[in-house]
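A look at the structure
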Amino acid sequence: MDTNTRKINIYEEAGLCLLCNDAPCTKACRTGDPARAIRAVRFYNHKPALRWVKDCSDEDLERAEQACIHYNGPIRIRQLIRSISADDVDESHYPDLGITFCGIKCENPFFLASSAVCTNYEMVAHAFDLGWGGVFYKTICIEDIHEVSPRFDAMHSAANHGDFYGFRNMEQLSENAVDVDFDILHRLKTDYPTKVVVASIMGKTEDEWMALAKMAEDAGCDAVELNFSCPQMKSKGMGSDVGQSPELVKAYTASVKRAVAIPVIAKMTPNITHITEPAEASLQGGADALSAINTIKSVTMSREAEVTGQRTISGYSGRAVRPIALRYVLEMAEMPWRPQLSGIGGIETWRDALEFLQLGCSNVQVCTAVMQYGYRIIDDLVLGLQRYMAKCGITELQQLVGEQLTSFESPSGLDRDTIVYPKFSQDLCVGCGRCEISCSDGGHQAIVFNSETRRPRLVGTKCVGCHLCRLVCPTGAIGVTKRIAK
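Residues numbered from 1 in each chain as written. Predicted model: local features only at pLDDT ≥ 70, side-chain atom pairs only at ≥ 80, totals over all residues. Heavy atoms only, no water.

**Section: the side chain of Asp222**
To be explicit about the condition: Only DSSP runs of H or I covering at least 4 residues are called helices, and only runs of E covering at least 2 are called strands; the numbering of each starts at the N terminus. Pairs of N or O atoms within 3.5 Å make up the polar contacts considered here, provided that, within protein, one atom can donate a hydrogen while the other can accept it, and that residues adjacent in sequence are counted only when both atoms are side-chain atoms. Should any heavy atoms of two residues lie within 4.5 Å, those residues are considered in contact.
For Asp222, the position within the fold is in the loop between α8 (206–218) and β8 (223–227). Looking at Asp222, its side chain comes within polar contact range of the side chain of Lys189, at 2.8 Å. Within polar-contact distance, the side chain of Asp222 engages the backbone nitrogen of Val197 at 2.8 Å. When residues no more than four places from it in sequence are discounted, the contact partners of Asp222 are Ile104, Lys189, Lys195, Val196, Val197, Ile262 and Pro263.

**Points about the nonpolar core**
Threshold: Definition of nonpolar core: a set of buried residues of the types Ala, Val, Leu, Ile, Met, Phe, Trp, Tyr and Cys, connected through side-chain atoms within 4.5 Å. Accessible area is worked out with a 1.4 Å probe on protein chains only. A residue is then buried under 20% of its type maximum, exposed over 50%, and partly exposed in between.
Formed by 132 residues in total, the largest nonpolar core has its most connected members in Phe110, Trp132, Phe182 and Leu188. In terms of residue count, the dominant contributor to this core is helix α12 (residues 322–333) (seven residues). Residues contacting Leu188, with those up to four places away along its chain left out, are Tyr121, Val124, Ala125, Phe128 and Val197. Of all hydrophobic cores here, the second largest spans 11 residues; its members include Phe424, Ala446, Cys469 and Ile478.

**Comments concerning the packing of aromatic side chains**
Operational definition: Two rings belonging to Phe, Tyr or Trp (six-membered ring only in the last case) form a pair when the distance between their centres is within 6.5 Å. Interplanar angles under 30 degrees mark stacking, angles over 60 mark edge-to-face geometry, and anything in between is tilted. Each ring is checked for a lysine NZ or an arginine CZ that lies within 6 Å of its centre and within 35 degrees of its normal; such an atom marks a charge sitting over the ring.
One pass over the structure, following the stated rule, counts nine aromatic pairs. For the ring pair Tyr11 and Tyr44, a centre distance of 5.5 Å and an interplane angle of 35° mean the geometry is tilted. Residue Tyr11 is found in helix α1 (residues 10–16), and its partner Tyr44 is found in the loop between α3 (34–42) and α4 (58–67); the two are separated by 33 residues along the sequence. Grouped by ring-pair contacts, the aromatic residues Phe152, Phe164 and Phe167 constitute a single cluster. Sitting over the face of the ring of Trp52, Arg36 holds its NZ or CZ atom 4.1 Å from the ring centroid. Here the basic side chain of Arg42 rests over the ring of Phe43, its NZ or CZ set 4.7 Å away from the ring centre.

**Digging into α3**
Counting buried positions over the nine residues of α3 gives nine, a clear majority of the element. Here α3 has its buried residues at Pro34, Ala35, Arg36, Ala37, Ile38, Arg39, Ala40, Val41 and Arg42. Packing partners of the buried residues in α3 comprise α1, α2 (24–28), α4, α5 (77–82), α14 (368–373) and α15 (378–392). Directly after α3, the chain includes Tyr44, whose backbone phi takes a positive value near 65°.

**Considering the sheet that holds strand β6 (residues 166–169)**
The line we're drawing: By definition, two strands form a pair when at least two bridges between them are found by DSSP. To obtain an axis, a line is fitted to C-alpha atoms, over the contacting stretch when the element is a helix, and the angle between two such axes runs from 0 to 180 degrees between their N-to-C directions.
The strand order across the open sheet built from four strands is β5-β6-β12-β11, with neighbouring strands paired in antiparallel fashion. Looking at the sheet topology across the chains shown, the edges are occupied by β5 (152–155) and β11 (296–298). When the angles between neighbouring strand axes are averaged without regard to direction, this sheet yields 35°. Of the strand pairs in this sheet, β11 and strand β12 (residues 314–317) are connected by three bridges, and their pairing is antiparallel. By the bridge assignment, Ser298 is partnered in β12 with Ser314.

Spelled out as structure tokens, the structure:
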């Protein structure tokens, strides 16, 4: 088969792309935007990706490949594009992503999380121009903040240094003067009246909480978020110290509710055994909604991340924390109060965002993915969610909120009388034998590997349907069969 037409693993190939700024491949292509197409594939919009290269000839794509600056050889753009089948969803039927949160109309559910991605007017304005629906501005406090250097560290594989799966930060709150930040928020709301502007605040006393909230309201903010969850505040009685105390959470929330008429959102800490305790306390105090999670207390040992030879415990984020964030969101969604929720934690793609929506969130906040890839990821967040809704025949985003809550059951209530066996595809199997190794050493010794044919065989009498083999298969050659009685 011609190597230029042979199908490849498009996600693996797109994952190698450096996602360049001012991409040389697109500059070299005369009739399309291959960089945008590759980015669409990278963020799980592979079929819509074709719209950016629909007029490209093989010669156009070849020029794009030749211009690729990847250090390990060019991305196989021609093979990647030719491996994508035509989109089966009509983009003219994409629905609107508008949704209401705390009585506030949002043009879409995608917000910047309170963090380094939104620390001044220019940053947020640029994000709004690109299509973000709103911002939870970086937390404002009366404390004098001086940050350390370096303040970030990341967990990544040696093969792909820039693509980290976990991110640790020692950053605290806004370093701006209080009046400067509220002036920024006022200008943002004035210049972008259709965008949602939320002030994140943190006080040390009831008077401070109330004063900051009133300043947010006077600045024209749509809502105020109470940061009960920052894991690295240097002062006692702030951040997650408060979030671990239901009594303080309730008291401060009630104080803020007395001070302002705008919605009040309490931000929960994951650094606690039972997140529902402070969550319920904040609702008792009058909170209109909950946001979660903030970063998880963690330690990394990189020498490059030391501060004058010293290390500290600080916050962990990125896609590695998403399952933990979803767990906490689920627990809050199942509370009798049925609170409105804003989801945070490891969101990179529209599929990640969808999971939070399906567990009851009306919007999601993004930080680490923006730090990695820039505000431009909003394009694929919106595109993917709209296409998913169109494909499913869903006309309003609200229909997705909480739709998967009924699918959860306690461990004791799960079906233990049926089994789903793995199914091996001979066409996709390359004969690496990874499945046999994992099953033999970490499973139930239910796979026999024929070293002559280089093909695995399942021993049904030993298989327990754990699906370890499916998860370790590097080519996706192992699927599932129908569920049957044991």
